[in-house]
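Overview (structure and organization)
Here is what each chain is made of, one letter per residue.
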Amino acid sequence: MTQAPWPTRLTRLFGTAYPILGGGLMWLSDARYVGALTRAGCMGFITPRSFTGTSALSEELQRCSEHTQGRPFGVNLTLSARPEANAGVRPALDLALAHGVRHFETAGYAPDALIQAIHASGGVVIHKASSLRHALAAQAAGADAVALVGMEEGGHPGANELPTMLMGALALARGQFHVPLVLGGGIGHGSQLVAAMALGADGVLIGSRFLLSEEISTHPAYKDHLARCDEHSTMRLLHTLGNTWRVLRNDTARDVDAIERAGAADYAAFGGLLDSRVARDGCYRDGDWRRGMLSLGPSIGFGTRIQPLAEIVDELIEQARSALSHLDASTASP
Ligand SMILES: Cc1cc2nc3c(=O)[nH]c(=O)nc-3n(C[C@H](O)[C@H](O)[C@H](O)COP(=O)(O)O)c2cc1C
């Protein structure tokens, strides 16, 4: 592993070598992937909702402790707007705490009580928000750090229309954040890490770019397709229903787009198209990437082949170094 170019408040908070977080990935953030992130000097987060039942999650957390070789790893707790969908969140927190997990990424609606519960157990929490307003609210609620994600984000970037760099620059220029601020959405190259740091951020959060790592457990046919994707390969859908979802441009995404454009007023209009188990079984397990809502952002365009995660991270750091050298050279006096 190459040396970290700089320590930041984020690396101190999460005890990582690099100021890079791998955000939670539904169905995909398992022990193997999170363990690889941790061993590569970053922080990753297991997604409890990907596992059915307490014992499956418990086994995965145990497995992750083995994969991380004793290093700390994290758990993602995503809160839905529908309270009934959050029944599993507190039990997942309790189970994670019982397994010694102390690092959490929260995302979604009204995280205040969750942040308090994490703190009461001695944990550290970064809350992921898709607007400045929600990021400031999370800081006020006591989050130890905030991840601000722009509309480029793969998955659910919220109703926000603003890109990551603009939001980050606004947030930092206004000086309203006293906790570490991390930028996410569309990050897939080391030069963007330098750019984020130049704005005053403490690190970056990555999802889509890491999908091309060997340790992500998806069917090889899907990864082969991802390696051929470019920056135009994703679509932002369901904005009109207030539940924006950025996904791979495939047959399902085009069908959803057509139904949405025809004026769909509720989820029933989409039938089974939005069922995320189609992604899990049809694509991730069986390799049919043409069907299913497959969370993905345009930073997939930076990946052209399947690589070990540690190699991708090393490349990001080398790219960051090269961007810094370029800056040094271009600002040196003649
Ligand atoms: C396949 C996939 C699944 C995701 N699942 C979740 C999730 O369950 N919970 C969550 O908070 N974020 C989820 N995200 C968002 C990521 O954690 C991260 O914020 C995002 O990928 C960063 O943007 P990027 O994809 O442009 O790098 C997902 C993203 C992807 C690509």
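Conventions used here
- Residues numbered from 1 in each chain as written.
- Predicted model: local features only at pLDDT ≥ 70, side-chain atom pairs only at ≥ 80, totals over all residues.
- Heavy atoms only, no water.
- Near = heavy atom within 4 Å.
- Polar contact = N/O pair within 3.5 Å; in protein donor to acceptor, adjacent residues only side chain to side chain.
- Areas by Shrake-Rupley, 256 points an atom, 1.4 Å probe, with all protein chains shown as cover.
- Buried < 20%, exposed > 50% of the residue type's maximum accessible area, 1.4 Å probe, protein only.
- Helix = DSSP H or I, 4+ residues; strand = E, 2+ residues; numbered from the N terminus.
- Pairing = 2+ DSSP bridges.
- Right-handed = clockwise from strand over helix to strand, strands pointing away.

1. With respect to the site of the ligand
The full set close to the ligand counts 21 residues, and Gly24, Lys128, Glu153, Gly186 and Ser208 are the nearest of them. Between the ligand and Arg49 there is a distance of 3.4 Å, counted from an oxygen atom to a side-chain nitrogen or oxygen. Separating an oxygen atom of the ligand from a backbone N or O atom of Gly154 is a distance of 3.2 Å. In the complex, 95% of the free accessible area of the ligand, which totals 600 Å², lies under the protein chains.

2. As for the pairing of strand 3 (residues 74-79)
With 5 of 6 residues buried, strand 3 is to be regarded as a mostly interior element. Alignment of strand 2 (residues 43-46) against strand 3, held across 2 bridges, turns out to be parallel. Bridge assignment links Ile46 to a residue of strand 3, and that residue is Val75. The handedness of the strand 2 to strand 3 crossover, carried by helix 3 (residues 54-67), is right-handed. Sheet topology note: the strand 3/strand 4 (residues 103-108) ladder contains 6 bridges and is parallel. Following the sheet pairing, Asn76 is matched in strand 4 by Glu105. For the crossover that starts at strand 3, traverses helix 4 (residues 89-98) and ends in the parallel strand 4, the hand is right-handed.

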